[in-house]
Amino acid sequence: MKQTLLLKVNAESPDPTKIKTAAKIIKNGGLVAFPTETVYGLGADALNAAAVLALFEAKKRPLDNPPIVHVADLKEVPSLVQEVPKKAELLMKEFWPGPLTLIFKHSNIVPNITVAGLDTIAIRMPNHRVALALIKASGCPIAAPSANLAGKPSPTTAQHVFEDLNGRIDAVLDSGATNIGVESTVVDISAEPPMVLRPGGTTFEALKKVLGGVELHPFVKAEEELPLEKTRSPGMKHKHYAPKAEVILVEGNIPAVIVKVRELAKSYRLKGAKVGILATDETQNVYEANVVSSLGSRFNLAIVAQNLFRLLREVDAQNVDIIIAEGIPLEGLGLAVMNRLRKASGYCIIKAQ
Ligand code: TXA
Ligand code: MG
């Protein structure tokens, strides 16, 4: 086991000496977890094949699921890609730095392992001072998947990173909880029409405003397991976060959802099961269960997104047998939240009416 170094830094003005320490580790082929505006990432020099292999091993991530490559400057993009399509330029201008990942055809300086043998590469510029300072000081693009063990919820605090990866990585830059709470939106602009492969921190509505034509891959709104042939993003086909407990997602209008969740909670508790409910501020007081947690107000989906992964970890840690989650609207950040909840439930979705 390695000794994992904890480097506490201020999110707004990170201490340059600590950033330098972390950057030196990256330059030497090591692994450093760092905050972004979405979730914590686990970084390695994207152009160092051995470092990227170590990254996959530390996360226990399947080798066919490539990480996102993070840059700190638009000037870094051309050397990594074959061409920058007009639409990509538009999106980068509008949304970078920010929670948007773009898929390009990659250039030949990118090691095979960094792109899992695909002819495309995922790139984003994070909107976080610590992440940007680390990339700049390292002097290389940084490959960084979310800093969790494969199959766990993405980490929104350094504490979550430690729970999963302590002793498996070299260092963690800790600047507190992340702001957005769900991962970046992944958009493929290497083909027509542009397509959202993973919903995330940049909303579909905002993308439509800029692009006009953009589609949601069927996986984004899937309400059941889809056949693998339809997969365009490797991450979609891997088993995603599934809590130890069984998860049931109840979708529909609020009065009907409340009735259904109460009914389910009651019948499971009668059978002797320990029940957790993921509710919202507006509904949490109407439920009786072993654990009732609120994701936040239904009228503030940004807060719901911010709380989602932390609460999934917390409820699961209470060893409940069943988690009943309320669906929220598929609008704005709600689309990303519902995509994660549907996957976490293994598509066990009940439509309340
Ligand atoms: O917000 C985020 O995106 C965070 C932070 C750390 O930046 N990162 C993150 O990385 O969520 P990761 O590795 O957990 O998710 C990357 C996603 C996966 O679904 C992967 O399949 C997809 O991006 N991806 C990577 N390269 C791709 C490519 N060439 N084509 C299609 N999808 C790709
Ligand atoms: Mg991930």
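Each remark here, short or long, concerns the structure printed above.
The model shown is predicted, which means the values in this text are computed figures rather than measured ones.

*Asks:* Explain the overall build of the protein chain here, please?
*Replies:* When its secondary structure is counted, the protein chain shows 10 helices and 16 strands. Its C-alpha atoms give the protein chain a radius of gyration of 20 Å, within 12% of the compact-globule value 20 Å for 353 residues. Taking the principal axes of its C-alpha atoms as reference, the protein chain extends roughly 60 × 45 × 35 Å. Looking at the protein chain as a whole, 58% of its 353 residues are labelled buried. Long-range pairs, those at least 24 residues apart, make up 67% of the contacts in the protein chain with a sequence separation of at least 6. Summing over all exposed atoms, the protein chain offers an accessible surface of approximately 15,000 Å²; the carbon and sulfur share of this is 52%. Taking the average place of the 41 positive charges on the side chains of the protein chain and the average place of its 36 negative ones, the gap between the two points comes to 2 Å.

*Asks:* What is the right way to read the pairing of strand β10 (residues 195-198) from this model?
*Replies:* Regular strands place their side chains on alternate faces of the sheet. Pairing analysis gives 3 bridges linking strand β9 (residues 185-188) to β10, with the strands arranged antiparallel. When the bridges of β10 are listed, D188 appears paired with M195. Here β9 hands over to β10 after 6 residues, the two strands then running antiparallel side by side. Pairing between β10 and strand β11 (residues 215-216): 2 bridges, direction parallel. Among the inter-strand pairings, V196 is bridged to a residue of β11, identified as L216. Regarding topology, helix α7 (residues 204-211) serves as the crossover connection from β10 to the parallel β11, and that connection is right-handed.

*Asks:* Would you explain the site of ligand 1 in this entry?
*Replies:* Near ligand 1 lie 27 residues; those nearest to it are T38, N65, H70, S184 and G235. Taking R61, its side chain carries an N or O atom lying 2.8 Å from an oxygen atom of ligand 1. Here a nitrogen atom of ligand 1 sits 2.9 Å away from a polar atom, N or O, in the side chain of T120. Every element with two or more residues in the shell around ligand 1 is listed here: β6 (120-124) and β10. Element by element, the count of residues in the shell around ligand 1 is highest for β6, at 4 residues. Broken down by class, the residue content of the shell around ligand 1 amounts to 13 nonpolar, 9 polar and 5 charged.

*Asks:* Teacher, can you tell me more about the nonpolar core here?
*Replies:* The nonpolar side chains of soluble globular proteins are, as a tendency, buried together. Formed by 68 residues in total, the largest nonpolar core has its most connected members in L102, F104 and L173. Once you skip the residues sitting within four places of it in the chain, L102 turns out to touch A88, L91, M92, W96, I121, A122, I123, V187 and I189. Core analysis: the second largest hydrophobic core is formed by 33 residues, V39, L226, L278 and A305 among them.

*Asks:* Would you explain the sheet that holds strand β4 (residues 69-70) in this entry?
*Replies:* What holds strands together in a sheet is hydrogen bonding between their backbones, with the strands either parallel or antiparallel. Pairing in this open sheet of 11 strands is mixed, and the strands run β1-β8-β2-β3-β7-β4-β6-β5-β9-β10-β11 from one edge to the other. Of all the strands in the sheet, just β1 (5-8) and β11 have a single pairing partner and so form its edges. Relative to strand β7 (residues 142-143), strand β3 (residues 41-45) runs antiparallel, the two being bridged by 2 bridges. Each bridged residue has a counterpart across the sheet, and for D45 the counterpart in β7 is I142. In this fold helix α6 (residues 158-165) packs onto β1, β2 (32-34), β3 and β8 (171-174), with an angle of close to 165° to the strand it touches most, β8.

The rules behind the values
- The numbers attached to residues start from 1 for each chain and follow its sequence in the written order.
- As they are written, the chains are lettered A onward and the ligands numbered 1 onward, keeping that order.
- Under the rules for a predicted model, residues below a pLDDT of 70 receive no local features and side-chain atom pairs below 80 are neither given nor counted, while totals for whole chains, interfaces and linings still include all residues.
- Side-chain calculation: all heavy atoms of the structure are included, whereas hydrogens and water are not.
- Helical segments are the DSSP runs of H or I of at least four residues, strand segments are the runs of E of at least two, and each set is numbered from the N terminus.
- Radius of gyration here is computed from C-alpha atoms only, and the compact-globule reference equals 2.2 Å multiplied by the residue count raised to the power 0.38.
- Note on classification: 1.4 Å probe, protein chains only; a residue is buried when its accessible area is under 20% of the maximum for its type, exposed when over 50%, partly exposed between these limits.
- Working rule for contacts: check all heavy atoms of both residues, and any pair within 4.5 Å makes them a contact.
- Per-residue accessibility takes into account occlusion by the displayed protein chains alone, with areas from the Shrake-Rupley method and a 1.4 Å probe.
- Charge counting follows a simple rule: Lys and Arg are positive, Asp and Glu are negative, and His as well as the terminal groups are ignored.
- The atom standing in for a charge is NZ when the residue is Lys, CZ when it is Arg, CG when it is Asp and CD when it is Glu.
- By the convention used here, strands pair only if DSSP detects at least 2 bridges between them.
- When the strands point away from the viewer, a crossover counts as right-handed if the path from the first strand over the helix to the second runs clockwise.
- Near is defined per residue: the residue qualifies when any heavy atom it owns lies within 4 Å of the molecule or strand.
- Polar contacts, as used here, are pairs of N or O atoms within 3.5 Å; protein pairs need one atom able to donate a hydrogen and one able to accept it. Residues neighboring in sequence count only if both atoms are side-chain atoms.
- Only Asp, Glu, Lys and Arg are considered charged, only Ala, Val, Leu, Ile, Met, Phe, Trp, Tyr, Cys and Pro nonpolar, and every remaining residue, Gly among them, polar.
- Take the buried residues of types Ala, Val, Leu, Ile, Met, Phe, Trp, Tyr and Cys, join any two whose side-chain atoms come within 4.5 Å, and each joined set is a nonpolar core.
- For helices, the fitted line uses only the C-alpha atoms of the stretch in contact; every axis is such a line through C-alpha atoms, and the angle between N-to-C directions lies from 0 to 180 degrees.

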